[in-house]
Amino acid sequence: MADTTAGAEGFAQDWSAEVLKTPPLIAPARQFIYPQQIAGEEDALARGALQLMVRPANGGMFLATCALGFTNPAMPTGVFACPTPREMCAVAGGYAYVVDTEQPERCTHIMLKPVVEVRPLTTNGLLLFVGFHSMIAWGRNGLAWESAKLSWEGIRITGIDGNLLHGMGWNMLTDREVPFSLDLLTGQHQGGGFIQRPQAQKS
């Protein structure tokens, strides 16, 4: 059995994908494993993988095997449409992969490890990846921006007003959440909980 995943998030898409519960009995000729030969990720597949049967609008179907970042069930796993219709975002245990379905050898492994939340912002034309400390936005032309650190541990989005995102970031020194605002056009922010420890004065 397979679950068909649709791009219900709002972005148009030129592909369809099925999340496979078990490896296919007859595998397609084209198969791709992500991440691709990344130093330090040699054992990634040992943690498990998300397997997808992908059918792009142009080109034959292919099997995508996406290594899990983490086995913690709290880490997100799923498939998302991207601002560019031919691109697919697969998230496996907190690792996010953006795949060009027409050229599946082209895959970007999102730098946040782990990605703890994925938010399609269709009005802003961005797929937003939220980590424990910062955020990354993916647009029609690829990586749009990466924010600076917003929190010592954990980010909570409270709302979006036009191109301004509002959220809360934790300050370790005060053990309190601090509000921040972030410009979705640039990734620049004001406020937030990540404040460096004051350095001791030299005597």
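Each value, and the rule that gives it
Position labels on residues start from 1 in each chain and follow its written sequence. Confidence filtering applies because this is a predicted model: local features only for residues at pLDDT of at least 70, side-chain atom pairs given and counted only at 80 or more, and all residues used for totals across whole chains, interfaces and linings. Water and hydrogen atoms play no part in the side-chain values, which are based on all heavy atoms of the structure. The way it works is that DSSP assigns letters per residue, a run of H or I at least four long becomes a helix, a run of E at least two long becomes a strand, and they are numbered from the N terminus. Here's how the labels work: a residue is buried when its accessible area is under 20% of the maximum for its type, exposed when over 50%, partly exposed in between, all with a 1.4 Å probe on protein chains only. For the accessible areas, the method is Shrake-Rupley and the probe is 1.4 Å, while residue cover comes only from the protein chains on display. Ring pairs are drawn from Phe, Tyr and Trp, using the six-membered ring of Trp, whenever the two centres fall within 6.5 Å, and their geometry is named by plane angle: stacked under 30 degrees, edge-to-face over 60, tilted for the rest. Side-chain atoms within 4.5 Å link the members of a nonpolar core, which is a set of buried Ala, Val, Leu, Ile, Met, Phe, Trp, Tyr and Cys residues. The contact rule is simple, with two residues in contact once any of their heavy atoms fall within 4.5 Å.

Some points on the overall build of the chain
A tally of regular secondary structure across the chain gives zero helices and 17 strands. A buried classification covers 45% of the 203 residues belonging to the chain. Per element, the accessible surface of the chain, about 10800 Å² overall, is 51% carbon and sulfur.

Observations concerning the packing of aromatic side chains
Ring pairs (aromatic) are described by centroid distance and by the angle formed between their planes. Counted by the stated rule, this structure contains five aromatic pairs. Residues Phe-70 and Tyr-95 carry aromatic rings whose centres are separated by 5.9 Å and whose planes lie at 90° to one another, so their mutual orientation is edge-to-face. Here Tyr-95 lies in strand S8 (residues 95-100) and Phe-70 lies in the loop between strand S5 (62-67) and strand S6 (78-81), a separation of 25 residues in the sequence. Judged by relative accessible area, which is 34%, Phe-70 ranks as partly exposed. Here Trp-152 and Phe-194 contribute two aromatic rings whose centre-to-centre distance is 4.7 Å and whose plane-to-plane angle is 40°, an arrangement assigned as tilted. In this pair, Trp-152 sits in the loop between strand S13 (142-146) and strand S14 (155-161) while Phe-194 sits in the segment after strand S17 (189-191), placing the two residues 42 residues apart along the sequence. Overall, the relative accessible area of 19% leaves Trp-152 in the buried class.

Describing the nonpolar core
Ranked by internal contacts, the top residues of the largest apolar core, which has 36 residues, are Leu-52, Cys-89, Ile-110, Leu-127 and Phe-129. Residues contacting Ile-110, with those up to four places away along its chain left out, are Ala-96, Val-98, Val-115, Phe-129, Ile-136 and Trp-138. Among the nonpolar cores identified, the runner-up in size contains 14 residues, and Met-135, Ala-137, Phe-180 and Leu-182 belong to it.

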